[in-house]
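Here is how the chains run, residue by residue.
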Amino acid sequence: MLAFQAGDARAFEALVRRHRMPVFNFILRFTGHPARAEDVLQETWLKVVRNARDYKPRAKFTTWLYTIARNLCVDSARKESYRQAASLEAPAGSGAGAEEGRTLGEALPDTGMGPERGAYNARVRPLLSRALASLPEEQREVFVLREYSGIAFKDIAEVTGVSENTVKSRMRYALEGLRRRLTELGVDGDLADDGKTVAG
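Thresholds, definitions, all that
- Residues numbered from 1 in each chain as written.
- Predicted model: local features only at pLDDT ≥ 70, side-chain atom pairs only at ≥ 80, totals over all residues.
- Heavy atoms only, no water.
- Helix = DSSP H or I, 4+ residues; strand = E, 2+ residues; numbered from the N terminus.
- Expected span 1.5 Å × (residues − 1).
- Buried < 20%, exposed > 50% of the residue type's maximum accessible area, 1.4 Å probe, protein only.
- Contact = heavy atoms within 4.5 Å.
- Salt bridge = Lys/Arg side-chain N within 4 Å of Asp/Glu carboxyl O.

J.: Can you help me understand helix α3 (residues 34–50) in this one?
T.: Residues separated by three or four positions in an α-helix point in the same direction, a consequence of the helix having 3.6 residues per turn. For α3, with 17 residues, the first-to-last C-alpha span of 24 Å sits near the 24 Å given by 1.5 Å per residue. Taken residue by residue, α3 has Arg36, Ala37, Val40, Leu41, Thr44, Trp45 and Val48 as its buried positions. Packed against the buried residues of α3 are α2 (9–31) and α4 (61–79).

Here is the structure:
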């Protein structure tokens, strides 16, 4: 980011390559709507360009980037008269990386894992999408930032503008809510007791 501030356009391309998919996945899970997620992603990168001069390396670049994305998600949700959080179960469509017969939630990229765990997660992913959609927004965003984007609690606190203790509390409630909902959906107790396995 500092190189981009200094006028190196290639540095911006490197930032987009490195962060595009994780940020898109966060936005998609926040909005639950692929077209809106694409729009918010574009707005996020436009804001990065427009505000490049104001960036100060006091916090990590990712914290600054996710703060921008999160604020735009909140603005987008306010503008919409409806929410489609359950749309992660909709067909993936014809976008980049889409495969026929897969839901949008299943089409999201996984980080490398063994075939056994991958198969297990493929079975559970639609149920997790449904359980995530049932969480209050502030719990869902903390869970997604922590488990899917790997953001530290102190950085999530900066992104969301609340204390680290509040973030940890929201995470605890999110995990309890997910366990409860996954149990209702028929997921076995071992999985429902392990938030990290669920998020895989």
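Next comes the rest of the description.
J.: Can you walk me through the pattern of salt bridges in this structure?
T.: Should their charged atoms come close, side chains of opposite charge can pair. Evaluated as defined, the whole model comprises 7 salt bridges. Residues Asp8 and Arg10 are paired through a salt bridge, measuring 3.8 Å at the closest nitrogen-oxygen approach. Here Arg10 falls in the exposed class, since its relative accessible area comes to 64%. Between Asp155 and Lys60 there is a salt bridge; the shortest N-O distance is 3.1 Å. Here Lys60 lies in the loop between α3 and α4 and Asp155 lies in helix α8 (residues 153–160), a separation of 95 residues in the sequence.

J.: Sorry, what's going on with the environment of Glu38 here?
T.: Looking at where Glu38 falls in the secondary structure, it is placed in helix α3. Residues Glu38 and Leu28, spaced 10 residues apart in sequence, show a C-alpha to C-alpha distance of 8.1 Å.

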